[in-house]
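If you want the building blocks of each chain, they are given just below.
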Amino acid sequence: MMRFKTWTLTDVRGDLWIDSFAVGNDSFHLPTTYDWSIRKRTLRGGPRDGVDLIEVHNGALSFSVLPTRGMGLWRGDYRGNSLGWRSPVLGPVHPKYVQLNDRAGCGWLGGFDELLCRCGLASNGPPGEDVYTDAHGQTHRANVTLHGRIANVPAHFVEVRVNLDPPYELSVTGEVEEAGLFCPHLRLTTTYTTVPGSNRVAIHDVVENRSAQPAEMQLLYHCNLGPPFLEAGSRVLAPVRELAPMTARAAEGMATHDTYLGPTVGYSEQVYAYDLIGDPRGHTLAVLVNAAKDKAVALRFNRQQLPCFTVWKNTAALEDGYVTGMEPATNYPNFKTFEREKGRVPVLPPGGRWETRWSIEACDTAAATAVLIAETAKLQAVAKAVVHATPQSRFTRG
C-alpha cells in the first residue's frame, strides 16, 4: 500500500481555511533530486483580491491552481517556456467581479484568462433560453449564460497530497458544488497530479449528480495557449476522422485551418469541430507544435469520455488576446438545445457519476516533438481524414 501525507487547506463543512501553506524538499525531504514545492497564498489587490492560488512546481513543470475559480489552472511553465496566454483581463479575477448575465449573457468573458478553464457543469456554449420537455412531459425554460457557471464557483474543499513512495506523486484535489434550489445539484471533484521532474500534469475529474432527480451535464475543457508554443507557423496536429468549420467565418480559413498566423490586428475568431481517431481503447491526442518543431504541448484524452474536440483560433494582436483553444469535451460548443437534439448532453441518474482522466504535457526539444508528431501520424494512418469546406449539420447549425 502506498504511503502518503495530506494537508487540508479548505474545508467549509469543518470551518477550516488556511491562508498560506508551503511544503517542499526544503522542509519535507523526499529521496528525489528534483527541487519540488507546493505553495498556497491568497492574492490581494484589484479584481484578484481574495483569490486563493496554489502553485505546484515539480522541478521542471509548474502550474497554478485556482480553487476560487472552480479549480481551474491559471498559468504554468515548463523549463522556462510559458504555458497559458496573456488575456486583456488582469486576472485571476475573483468571481464576485464576474457578472455572468452582463453583455447579453457573455459576462463570463470578464474573468477569462486561464490556461485551463472548465465550461459547464449544467451547460456550456453560447447564451440564450433553453426550452426542453422532461421525461414527465413537463416543459422547462432556463436562461443559460456563456459557458456555464463552474469556472466562477469557489471550491468548498481543497487538499494537498504528497506520496512518500516512488514516483512521489504531488497532488491537489478540490471539490466544487454547482447547485441551487430548484436547480441541478452537481459536484465536481478534480485532482491534479504530477511527478517530480516530469513534463506532465494529469487531470482526474468526477462529476456527481447529488440530486434525487436525473440531471443533465456538459463539460468542455477550454485549454488555452499563447507564445512560445503559439506563433506564426505553429500547427495543430490531431488524428482526424472528420473535420468541419463551425461558422461561415471559419470556412473562410479552411485552406489554413491547421496553421496559425502571428498576432494580427482585427483578426476575427475561427472555430473548427473535430471527430478524432482513437486507438482500440479510445485514447487519442491533439498537439500544438511551434514553427521550428522544437516545442509542443499535447493533450491526451479518451474519446469514450470526451468524444468531441474543438479548436478555437484567435490570433488577434497580443494586446487583444493572442491565443488558441484546444478543447476536448462531452459536446461541441453549440447552444445546449442543439446538442441535446444530437444526443450529446449526458444525463446522470440520481447519485450517478461521470468520470474522465486526461493530461497536458509539454516538450521543448525537437526530438520530443518528433515523437508526438509520429504518434499522431500513426493514429491518422487508421483512416483518411474527411475535411469539409463548409459547416456540417452533424457538428453545428452554422
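Calculation criteria
- Residues numbered from 1 in each chain as written.
- Predicted model: local features only at pLDDT ≥ 70, side-chain atom pairs only at ≥ 80, totals over all residues.
- Heavy atoms only, no water.
- Pairing = 2+ DSSP bridges.
- Helix = DSSP H or I, 4+ residues; strand = E, 2+ residues; numbered from the N terminus.
- Salt bridge = Lys/Arg side-chain N within 4 Å of Asp/Glu carboxyl O.
- Buried < 20%, exposed > 50% of the residue type's maximum accessible area, 1.4 Å probe, protein only.
- Phe/Tyr/Trp six-rings, centres within 6.5 Å; stacked < 30°, edge-to-face > 60°.
- Lys NZ or Arg CZ within 6 Å of the ring centre and 35° of its normal.
- Expected span 1.5 Å × (residues − 1).
- Arc of directions from axis to C-beta.
- Contact = heavy atoms within 4.5 Å.
- Polar contact = N/O pair within 3.5 Å; in protein donor to acceptor, adjacent residues only side chain to side chain.

Observations concerning the sheet that holds strand S15 (residues 200-209)
1) Next: Spatially, the 10 strands line up as an open sheet ordered S2-S1-S12-S13-S14-S15-S26-S22-S21-S18, and their pairing is antiparallel. Whereas interior strands pair on both sides, the edge strands pair on one side only; in this sheet they are strand S2 (16-17) and strand S18 (235-237).
2) Next: Sheet topology note: the strand S12 (residues 157-163)/strand S13 (residues 170-178) ladder contains 6 bridges and is antiparallel. Residue pairing across strands places glutamate 159 opposite threonine 173, the latter belonging to S13.

Quick notes on the pattern of salt bridges
1) Next: Scanning all chains against the criterion turns up 24 salt bridges.
2) Next: Across the pair glutamate 177 and arginine 187 runs a salt bridge, and its minimum N-O distance is 2.6 Å. With glutamate 177 in strand S13 and arginine 187 in strand S14 (residues 186-194), this pair connects stretches of sequence that are 10 residues apart.
3) Next: Taking relative accessible area as the criterion, glutamate 177 reaches 17% and is therefore assigned buried.
4) Next: As a salt-bridge pair, arginine 249 and glutamate 252 come within 3.0 Å of each other at their nearest N and O atoms.
5) Next: Classification of glutamate 252 by relative accessible area gives exposed; the value is 60%.

Some thoughts on the pairing of strand S20 (residues 270-276)
1) Next: Buried residues dominate S20, accounting for 7 of its 7 residues.
2) Next: Across the two faces of S20 the burial is the same, with Gln270, Tyr272, Tyr274 and Leu276 and Val271, Ala273 and Asp275 all buried.
3) Next: Judged from the 5 bridges that link them, S20 and strand S23 (residues 308-315) form a sheet pairing that is antiparallel. Residue pairing for S23: tyrosine 272 is matched across the bridge by valine 311.

Focus: the packing of aromatic side chains
1) Next: What the rule picks out here adds up to 10 aromatic pairs.
2) Next: Between tryptophan 7 and phenylalanine 21, the ring centres sit 5.6 Å apart and the planes meet at 55°, which makes this aromatic pair tilted. Separated by 14 residues along the polypeptide, tryptophan 7 in strand S1 (residues 4-11) and phenylalanine 21 in strand S3 (residues 21-24) bring together distant segments of the chain. Like phenylalanine 21, tryptophan 7 is buried.
3) Next: Connected via pairs of aromatic rings, a cluster forms that spans Trp85, Trp108, Phe112 and Trp312.
4) Next: For arginine 161, the ring lying beneath its charged end belongs to phenylalanine 4, and the centroid distance is 3.6 Å.
5) Next: Stacked on the ring of tyrosine 260, the Lys or Arg lysine 313 has its end atom at 5.1 Å from the ring centre.

Brief notes about helix H4 (residues 366-380)
1) Next: Over its 15 residues, H4 runs 21 Å from end to end, which matches the ideal 21 Å to within 8%, given 1.5 Å per residue.
2) Next: Along H4, the residues that are buried comprise Thr369, Leu372, Thr376 and Leu379. Burial along H4 is one-sided: seen end-on, the buried residues are contained in an arc of 85°. Structural note: H4 exposes Ala367, Val371 and Lys378 on the side pointing more than 90 degrees away from its buried face.

Remarks on the environment of glycine 14
1) Next: By secondary structure assignment, the location of glycine 14 is in the loop between S1 and S2.
2) Next: For glycine 14, a relative accessible area of 47% gives the class partly exposed.

Quick word on the environment of alanine 374
1) Next: In this fold, alanine 374 is placed in helix H4.
2) Next: Residues alanine 374 and phenylalanine 63 lie 311 residues apart in sequence; the distance between their C-alpha atoms is 27 Å.

Topic: the side chain of histidine 147
1) Next: Along the chain, the position of histidine 147 falls in the loop between strand S11 (139-144) and S12.
2) Next: Histidine 147 gets classed as buried once you look at its relative accessible area, which sits at 10%.
3) Next: Here histidine 147 is in contact with Trp108, Cys119, Gly120, Ser123, Asn124, Gly125, His222 and Pro333, once residues within four sequence places are set aside.

What to know about unusual backbone geometry
1) Next: The linkage connecting proline 166 with the following residue, proline 167, adopts the cis geometry, with an omega of 10°.
2) Next: Structurally, proline 167 is set in the loop between S12 and S13.
3) Next: You will see that alanine 104, though not glycine, has its phi angle at about 55°, which is positive.
4) Next: With respect to the secondary-structure elements, alanine 104 resides in helix H1 (residues 102-105).
5) Next: Its identity is not glycine, yet phenylalanine 182 carries a phi of approximately 65°, on the positive side.
6) Next: Along the chain, phenylalanine 182 falls in the loop between S13 and S14.

Details of the pairing of S13
Each regular strand shows side chains that alternate between the opposite faces of the sheet.
1) Next: In terms of burial, S13 is largely enclosed, as 9 of its 9 residues are buried.
2) Next: The two faces of S13 match: Leu170, Val172, Gly174, Val176 and Glu178 on one face and Ser171, Thr173, Glu175 and Glu177 on the other face are all buried.
3) Next: The turn joining S12 and S13, which pair antiparallel and follow one another in sequence, is formed by 6 residues; a positive phi near 60° is taken by tyrosine 168.

Thoughts on the environment of threonine 42
1) Next: One can find threonine 42 in strand S4 (residues 37-42).
2) Next: You can call threonine 42 buried: its relative accessible area is 13%.
3) Next: The spatial distance from the C-alpha of threonine 42 to the C-alpha of leucine 181 is 30 Å, given a sequence separation of 139 residues.
4) Next: Of the polar contacts made by the side chain of threonine 42, one reaches the side chain of aspartate 19; its length is 2.9 Å.
5) Next: Among the polar contacts made by the side chain of threonine 42, one reaches the side chain of aspartate 52 at a distance of 3.3 Å.

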